[in-house]
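Coordinates in review
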Amino acid sequence: SRSARQFVNVADISGDDSAAATKKHGPGEKVWLRGRVSSIRVKGGSCFLVLRQNSFDTIQACFFKDKENPDFSAKMIKYLKSLTTESVVDMEGIISPADVRSCSIQNAELAITRIHAVSKADAMLPFLVEDAARSEKEVEESQNTDRPFPRLGQELRLDHRWLDLRAPANNAIMRIQSAVCQLFRESLYEQGFVEIHTPKLIAGESESGAGVFTTDYFGTTACLAQSPQLYKQMAISSDLERVFEIGPVFRAENSHTRRHLCEFTGLDLEMAIHEHYMETLEVVHKMFKHIFENLETRYKRELEVIRTQYDSEPVAFTDEPCVLHWPEAMEILTEEGFDMGDRLGDLTGAQELALGAAVKKKYGTDFFMLDKYPSDIRPFYTMPDPTDDRYSNSYDMFIRGQEICSGAQRCHDPELVTKIIETKGIEMGDGLKTYIESFRHGVSPHAGAGIGLERVVFLYLGLDNVRKASMFPRDPNRCTP
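First, a word on scope: everything that follows refers to the structure included in this document. Owing to the predicted nature of the structure, the values given are computational and were not obtained by experimental measurement. (Residues numbered from 1 in each chain as written. Predicted model: local features only at pLDDT ≥ 70, side-chain atom pairs only at ≥ 80, totals over all residues. Heavy atoms only, no water.)

What follows is about the environment of Ile13. Its place among the elements puts Ile13 in the segment before strand S1 (30-43). For Ile13, a relative accessible area of 3% corresponds to the buried category. Along the chain, Ile13 and Ala108 lie 95 residues apart, while their C-alpha atoms are 7.4 Å from each other. Setting aside anything within four residues of it in sequence, one finds Ile13 in contact with Val8, His25, Val31, Leu33, Ile59, Ile95, Ile105 and Ala108. (Helix = DSSP H or I, 4+ residues; strand = E, 2+ residues; numbered from the N terminus. Buried < 20%, exposed > 50% of the residue type's maximum accessible area, 1.4 Å probe, protein only. Contact = heavy atoms within 4.5 Å.)

This part takes up the nonpolar core. Ranked by size, the top nonpolar core spans 58 residues in total, and within it Phe184, Phe288, Leu295 and Met397 carry the most contacts. The element contributing the most residues to this core is helix H6 (residues 168-190), with eleven residues. If sequence neighbours within four positions are ignored, Phe288 has contacts with Phe367, Met397, Ile404, Ile451 and Val456. Ile13, Val31, Ala61 and Met76 belong to the second largest nonpolar core, which has 25 residues in total. (Core = buried A, V, L, I, M, F, W, Y, C linked by side-chain atoms within 4.5 Å.)

On to the packing of aromatic side chains, then. All chains considered together, the criterion is met by 17 aromatic pairs. Measuring from centroid to centroid gives 5.2 Å for Tyr217 and Phe218, while their planes differ by 75°, and the two rings are edge-to-face. The class for Tyr217 is partly exposed, based on a relative accessible area of 41%. On the basis of relative accessible area, Phe218 is assigned to the exposed category, the value being 78%. Between Phe288 and Phe367 the ring centres are 4.9 Å apart and the planes differ by 50°, which places this aromatic pair in the tilted class. With Phe288 in helix H8 (residues 278-298) and Phe367 in strand S13 (residues 367-371), this pair connects stretches of sequence that are 79 residues apart. Classification of Phe288 as buried rests on a relative accessible area of 1%. Of note, Arg378 hangs over the ring of Tyr373, and the distance from its end group to the ring centre comes to 4.3 Å. (Phe/Tyr/Trp six-rings, centres within 6.5 Å; stacked < 30°, edge-to-face > 60°. Lys NZ or Arg CZ within 6 Å of the ring centre and 35° of its normal.)

Next up on the list: the environment of Glu275. Looking at where Glu275 falls in the secondary structure, it is placed in the loop between strand S11 (263-272) and H8. Classification of Glu275 as exposed rests on a relative accessible area of 78%. For the pair Glu275 and Pro445, spaced 170 residues apart in sequence, the C-alpha to C-alpha distance is 8.6 Å.

Buried within helix H12 (residues 414-423) we find Pro414, Val417, Thr418, Ile420 and Ile421. With its buried residues spanning 160° around the axis, H12 presents them on a single face. Every exposed residue of H12 that faces more than 90 degrees away from the buried side is listed here: Lys419, Glu422 and Thr423. Residues of H12 that are buried in the fold lie against helix H13 (430-440). The opening residue of H12, the one whose side-chain oxygen lies 2.9 Å from the backbone nitrogen of Glu415, is Asp413. Looking one or two places after H12, you find Gly425, whose phi comes out positive at around 70°. (Arc of directions from axis to C-beta. Polar contact = N/O pair within 3.5 Å; in protein donor to acceptor, adjacent residues only side chain to side chain.)

As defined by bridge partners, strand S3 (residues 57-64) adjoins strand S5 (residues 108-119) across three bridges and the pair is classed as parallel. The partner of Ala61 across the bridge, within S5, is Leu110. Across ten bridges, strand S4 (residues 88-97) lies against S5 in antiparallel orientation. Looking at S5, one finds that Val88 is bridged to Ser119. (Pairing = 2+ DSSP bridges.)

With that settled, consider the pattern of salt bridges. Applying the stated rule across the entire model yields 34 salt bridges. Across the salt bridge formed by Asp164 and Arg161, the nearest N and O atoms sit 2.8 Å from each other. One end of the pair is Asp164 and the other is Arg161, both in helix H5 (residues 161-164) and three residues apart, which spans about a single turn. As far as the burial class goes, Asp164 and Arg161 line up, both buried. The partner of Glu415 in a salt bridge is Arg440, with the nearest N and O atoms 2.6 Å apart. Here Arg440 lies in helix H13 and Glu415 lies in helix H12, a separation of 25 residues in the sequence. Residue classification places Arg440 among the partly exposed residues on the basis of a relative accessible area of 46%. Linked through salt bridges whose partners overlap, the residues forming this network are Glu130, Asp131, Arg134 and Glu138. (Salt bridge = Lys/Arg side-chain N within 4 Å of Asp/Glu carboxyl O.)

The pairing of strands in a sheet comes from backbone hydrogen bonds and takes either a parallel or an antiparallel form. Here we have eight strands laid out as an open sheet, ordered S6-S10-S11-S16-S15-S14-S13-S12, and mixed in their pairing. Edge positions in the sheet fall to strand S6 (194-195) and strand S12 (323-325), since each of these pairs with one other strand and no more. Sheet analysis places S11 next to strand S16 (residues 446-452), joined by seven bridges and oriented antiparallel. Along S16, the bridge assignment pairs Leu267 with Ile451. Helix-sheet contacts for H6 involve S6, strand S10 (242-250), S11 and S16, and the interaxial angle to S10 is about 155°. (Axes fitted to C-alpha atoms, helices over the stretch in contact; angles between N-to-C directions.)

Without other data, these values stay purely geometric and don't point to any function.
And the structure:
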């Protein structure tokens, strides 16, 4: 059954006498709150408790022994002593002005009148949320003191990820991840795109060169999709001229690096073009610009919380697309002391970082695009450069010298794409046959891009590991929780 209780938010409480004018709950008002016990200290006839909501918002609550009602006071103190940190409680209290620097509500506190545990947490937790919320600098500086803070290992955190995500910065990272998806959608809807949903069980590989997860499909072998690539191109053939998708991507790559995952969220788009694939680069640049600008304005509080634990600066970007062509990148890297050989090989991580630093120095941007990749290192569906087929009409995009996006003009000529598939030694399965058939029925020239959500968040926030940007990461060693 439902009670008549009206629960309020911690953020809507104020100790200011003008609280009513700002539509907040003010001094003298009795309110109900639900939240977690962030900390509790009971001594003699008094109790100080910090209640936490939404990971960010905290308020101090107090109880003092009432000499006129000793039986009630004794029962309340006993009950408060039984509460454990991280327990979820319902609490009724009276707002009064206060000066509390350790909480997000600094000008008010609550005098507890009633409290009830909705869900009690174990007395012994794997680690304390307050320890998970400390910056590496804070932990390091404490090591030579009388009370060093514990250094929580990544595996311990990930084994109990739900607890780790209660730390304000980690919780805010998930909110920024959500924001990137929202802003991605906003920009593309505004630019005339339609959201689609493509199969994740497919008859063959959707990418060349990346490992696949296979599964039994009623007696035949199916794969988990490595991208929506083939289907978003077939959407163009279906006269959906601009499409995007946000969905899971699976890569069976035995990579144990700080920037690889076996499952991540792909932000994919594809669009018909009229004259040149630069049209797509302009759309993608406008989309990223919308994301970068609005993260700093609309999600300012989340970023402030994150940056107290993980230091970063806003991403610098240009008004118009900053596009480097492959030959210029080769010249820059040669000047930086790298031996680029025949200049037709893929870039190493060190080369990408060096290129990013050089571009920042030369053009003043953290975000740039590298165009005209060599054909041999790109997937079969990439359109070759019509003037020199050693190169292709393809591009990657970078934040701070690390790749976040890969794209290209697609090869929409069925005979040419068949020839490329044969040249690359790829088996022509049923999935590729239907893909090519969609081109034989007429298709507009088109181009697109695939973006890794977690990698965007990880690099934008300057995190040291992409797993911090994934809610429940999957890598070669982890398939739970």
